[in-house]
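A closer look at the structure
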Amino acid sequence: MIGSIIDWLTSSASWSGADGILARLLEHIGYTLLVLVIAAVIAIPLGLWIGHTGRGRWLVTAANALRAVPTLGLLFALTLVLLPVLPGDTAFLVPSVIVLVLLAIPAILSGTYAGVEAVDPAARDAARGIGMTGVQVLVKVELPIALPLLISGLRAAVLQVVATATVAAYVGLGGLGRFLIDGLATQDYASTAGGALLVAVLALALDAPFALLERLVVSPGLTGRTRPLRPSEPNRTAPAGGST
Amino acid sequence: MIRLDGVTKQYPDGTVAVDDLSLTAPDRAITVLVGPSGCGKTTTLRMINRMIEPTSGSVTIDGQDVLAMDAAQLRRGIGYVIQHGGLFPHHTVERNVAAVPLLLGTPKKQAITRARELLELVGLDPALGRRYPSQLSGGQQQRVGVARALAADPPVMLMDEPFSAVDPVVREQLQDEFLRLQGELGKTIVMVTHDIDEAIKLGDHVAVLQVGGRIAQLARPAELLAHPADNFVADFLGRDRGYRALGFDSARVPLHDEPTVSLGATVSEAAARAGSDGWVLVVDDRRHPQGWARPADLPGEGSIDERALALGGTLARVDGPLRLVLDAALSSPSRRGVVIDGDGALAGTCRATEVLSVIETRERPSDPGDPISHPAS
Ligand SMILES: Nc1ncnc2c1ncn2[C@@H]1O[C@H](COP(=O)(O)OP(=O)(O)O)[C@@H](O)[C@H]1O
Ligand SMILES: [Mg+2]
C-alpha cells in the first residue's frame, strides 16, 4: 500500500499533464489564495471596525455560528440555486468560493476583533489623549497591537481553506480534491491517499510564510522577543543632608 | 491660565460626576485636585482636554474656549499623563516619548534625539530608549509617561495620578524630581491625586473635591492645614494637621555650639568631649554630621568608626521648615537636633523647647477669609 502511494507520488506520469499533480496543486493553491484574499478583504476591515467602535459585536457571534453550517450541504444548495443563472464554469466556481469564504471569515474576523479588543484601554486612551485622530488610533496603535491575533486568525483560516478546498471537486472543479474523489470512484486508493497527503503537506507549507510574516511585522515589544535585558531602577539616593 | 466656569458633567446613566464646578489654575503653578475615589477628579481633568465633553459650563485655556477647538489639535498642545501609564507596548521607549512631536510632523531623527534628551531630563538613562515598555520597572514607566507628556514642550500639563502605581519609596523620589523639574520648566499643571499628602507636598493650590464633584475647599496647602473649611475637609486632611502645617513655616531657631569629634578619633578623646548625657556628635573632615556616639558604651581602646554611630536623628537646614527642625530635635538620640547649613556642614544644634517657643511666637497662618485670588508664588 505505502509502496504504491510512493510510486504514485514519485512517478513523473502522475505529475504531468492537465490532470497531473502539479496542475492540481497549482489549482488548489489558486483557490486557496483567491478565497483568502476575498475573506481577508471582508473580515479584516470589519473586525477592525467592530473592535475600534465597539459596535456590531453580534456580527462576530453570527460569523462564528456560520461555522456550524455543513460545508457540503451549503455547496450543493448554492450550486443548485446558481447553476441556472451563472454562465459556464463560473456556475461551479462561484458557489465553491462562496462556501470557502464563509468558512474563512469567522477565524479572520474573530482574530482581528479579538486583537483590537485586547488592546490595553490605557494605551488606547493615551493615544486619543495625546491628540491622535480616530483613524490614527486605529492605524498607529490598535492595528499594530492586534497583529499577533490577526495573523493567528489568518493562519487558522489557511489551514481550514486548504483542507476544505477539496470539496470543490464534488461540483466538478479541480484542485487536489480530484485525486480524493476520482480515486475513490475508481478504487485507485494510492491516488486518494497520496492526494490527502499532498493536502496536508500543502497546509503546512502555506503556514510557513505566515509564521515568517508574523516575525517580520509584529513588534518585539508585544512578543517578548526582546534582547534579554533586566529592568533596573537607576540607583538614586536622597541628596546629602536630606532629612525625614 | 486654565479656567473652568460652572462646569457640570452628567453621564448618560444619570450620574452627576461634576456639579457646577468653577476653578482657576494659574500659570506656572501646580493646581492639585484631591478627593476620595469617585468624587469626579478624573472627569474634571478630562474635560480640560475634551477627553470628556462637559454637559454644561465653559472651559478656557488662556481665554480660548476649548470647546471651539478641534479636539485632536487641542490635545497635541496639552501634555497628558494618564493614570495607568498608557505607554504604547509596540513602540520603543524613545518612540513613545517622541509620539507627540511625530504627530506634529517633526522629522523622525530630530524627534528621537529630543526624546533621548527628555529621558535624561526625567532621570532615565537615554540607553533605555531602545527598550520596550514591558522591559521597564513601574517607576521607569511612570517617568517615561511624564517624558512623553513633556515632549512637545506644551505650556499646559494634565496629570492623572501620575505617581500612584509605584511603591512609596519610588513615589517620594518621583515627587521630588517632579518638583525639581517644575522648578526648571514652570508649566501650568493640573494634577489629580487621591493622596492628600501628595497634594500638600506638590500643590501650589489644592482643591479638595467631595463626592458629587463639588469643591469643598480651594486653598494653598498651608491654609488648608490651618483652616479646613468644614468637617469633610478636616477629616480628609487627617491627623497631625498642626504638625504638618509646620512644614510650610520656616523660621530661624536658636542654635547652640555642639562639641564634636572627627570620625576616627579615639574613644577616650570622644569621652572627653561628650556632653553630660554621654552623647557626642561625630563629623567628617568637612564637618558634615555623621551621627551620634556614646563613648561610655564603646570599648575603651578603640576608635570612633562608622559602626560606633547610633542610627536615627534627621537633619534640618538652618532656614528649613519648622517641621523638620522640630523633628530633628525629637528624633535625635541626644534630643539635640542637628542643624546644617546650605553646604551640609554643621551649623549647631537646636532644642525642642526652644523650637516650640519660636512656634508659639509665630503669627497664625493667614486668615481663611483670604481665598486664593492672588497669583501663584
Ligand atoms: N463613563 C462613565 N459613565 C458613567 N459614570 C461614570 C463614567 N465615568 C465615571 N463615572 C462616575 O462618575 C463619578 C466620578 O468618576 P471619576 O471622575 O472617575 O472619579 P475620580 O477620578 O475622582 O475617582 C464616579 O461615580 C464614577 O462612577
Ligand atoms: Mg480617577
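Residues numbered from 1 in each chain as written. Chains lettered and ligands numbered in written order. Predicted model: local features only at pLDDT ≥ 70, side-chain atom pairs only at ≥ 80, totals over all residues. Heavy atoms only, no water.

1. Observations regarding the overall build of chain A
- Scanning chain A from N- to C-terminus turns up 11 helices and zero strands.
- Dimensions of chain A along its principal axes, counting C-alpha atoms only, are 95 × 45 × 25 Å.
- For chain A, buried positions account for 44% of its 244 residues.
- Pairs at least 24 residues apart make up 73% of the contacts formed inside chain A by residues separated by at least 6 positions.
- Total accessible area computed for chain A in this model is approximately 12100 Å², and 70% of it derives from carbon and sulfur atoms.
- Between the averaged position of the 14 positive side-chain charges in chain A and that of its 13 negative side-chain charges there is a distance of 15 Å. (Helix = DSSP H or I, 4+ residues; strand = E, 2+ residues; numbered from the N terminus. Buried < 20%, exposed > 50% of the residue type's maximum accessible area, 1.4 Å probe, protein only. Contact = heavy atoms within 4.5 Å. Areas by Shrake-Rupley, 256 points an atom, 1.4 Å probe, with all protein chains shown as cover. Lys, Arg positive; Asp, Glu negative; His and termini not counted. Charge placed at Lys NZ, Arg CZ, Asp CG, Glu CD.)

2. A word on the side chain of His91(B)
- Relative to the assigned elements, His91(B) resides in the loop between strand E6 (78-81) and helix H3 (93-97).
- Judged by relative accessible area, His91(B) falls into the buried class, the value being 15%.

3. Here we look at the nonpolar core
- Core analysis: the largest hydrophobic core is formed by 47 residues, its most contacted members being Val34(B), Val97(B), Val144(B), Met159(B), Phe178(B) and Met191(B).
- Sequence-distant contacts of Met159(B), that is, excluding residues within four places in its chain, are made with Leu45(B), Val81(B), Val146(B), Phe178(B), Ile189(B), Val190(B), Met191(B) and Val192(B).
- With 44 residues, the next largest nonpolar core counts Ala43(A), Ala104(A), Val116(A) and Phe210(A) among its residues. (Core = buried A, V, L, I, M, F, W, Y, C linked by side-chain atoms within 4.5 Å.)

4. Some remarks on the interface of chain A and chain B
- Taken together, the 33 residues of chain A in the interface contact 39 residues of chain B.
- When chain A packs against chain B, the two sides together hide about 3000 Å² of surface, and 57% of this comes from carbon and sulfur.
- Here chain A and chain B share one salt bridge between them.
- With a shortest N-O distance of 2.7 Å, Asp125(A) and Arg46(B) are connected by a salt bridge.
- The interface formed by chain A and chain B holds six residue pairs in polar contact (both at pLDDT 80 or more) in total.
- Of all the secondary-structure elements, those providing two or more residues to the side of chain A that touches chain B are helix H7 (121-129), helix H8 (134-164) and helix H11 (220-223) of chain A.
- Top contributing element to the side of chain A that touches chain B by residue count: H7(A), with seven residues.
- Residues of the side of chain A that touches chain B, tallied by class, amount to 15 nonpolar, 11 polar and seven charged. (Buried area = accessible area lost by both parts, 1.4 Å probe. Salt bridge = Lys/Arg side-chain N within 4 Å of Asp/Glu carboxyl O. Polar contact = N/O pair within 3.5 Å; in protein donor to acceptor, adjacent residues only side chain to side chain. Nonpolar A, V, L, I, M, F, W, Y, C, P; charged D, E, K, R; others polar.)

5. Section: the site of ligand 1
Residues and elements named next belong to chain B.
- Taken together, Tyr 11, Asp 13, Thr 15, Ala 17, Ser 37, Gly 38, Cys 39, Gly 40, Lys 41, Thr 42 and Thr 43 are the residues near ligand 1.
- Measuring from an oxygen atom of ligand 1, one finds a backbone N or O atom of Cys 39 at 3.2 Å.
- Residue contributions to the shell around ligand 1 peak at three residues, all from helix H1 (residues 41-48).
- Class assignment of the residues belonging to the shell around ligand 1 gives a composition of three nonpolar, six polar and two charged. (Near = heavy atom within 4 Å.)

6. Overview of helix H3 (residues 21-53) of chain A
Residue and element names in this part refer to chain A.
- Taking 1.5 Å as the rise per residue, H3 with 33 residues should run 48 Å; its terminal C-alpha atoms sit 47 Å apart, in good agreement.
- At Ala 40, H3 shows its largest kink, close to 30 degrees.
- Backbone geometry just downstream of H3 places Gly 54 in the positive-phi region, at approximately 75 degrees. (Expected span 1.5 Å × (residues − 1). Bend = angle between axes of the 7 residues up to and from the residue.)

7. Observations concerning the packing of aromatic side chains
- For the structure on display, the rule yields four aromatic pairs over all chains.
- Each ring, one from Phe76(A) and one from Tyr170(A), has its centre 6.3 Å from the other, and the planes form 90 degrees; the classification is edge-to-face. Of this pair, Phe76(A) sits in helix H5 (residues 71-82) while Tyr170(A) sits in the loop between H8 and helix H9 (177-185); the two residues are 94 residues apart in sequence, bridging distant segments of the chain.
- Residue classification places Tyr170(A) among the partly exposed positions, given a relative accessible area of 46%.
- Ring centres of Phe163(B) and Phe178(B) lie 5.7 Å apart, and the angle between their planes is 65 degrees; on these two criteria the pair is classed as edge-to-face. (Phe/Tyr/Trp six-rings, centres within 6.5 Å; stacked < 30°, edge-to-face > 60°.)

8. Quick look at the domain arrangement of chain B
Residues and elements named next belong to chain B.
- Here chain B is described as being made up of domain 1 (2-248) and domain 2 (260-361).
- Here the C-alpha centre of domain 2 lies 40 Å away from the C-alpha centre of domain 1.
- Contact with domain 1, which involves four residues of that partner, is made by six residues of domain 2.
- Summed over both sides, the interface between domain 1 and domain 2 buries roughly 510 Å², with carbon and sulfur atoms accounting for 67% of that surface. (Domains from an automatic or database assignment.)

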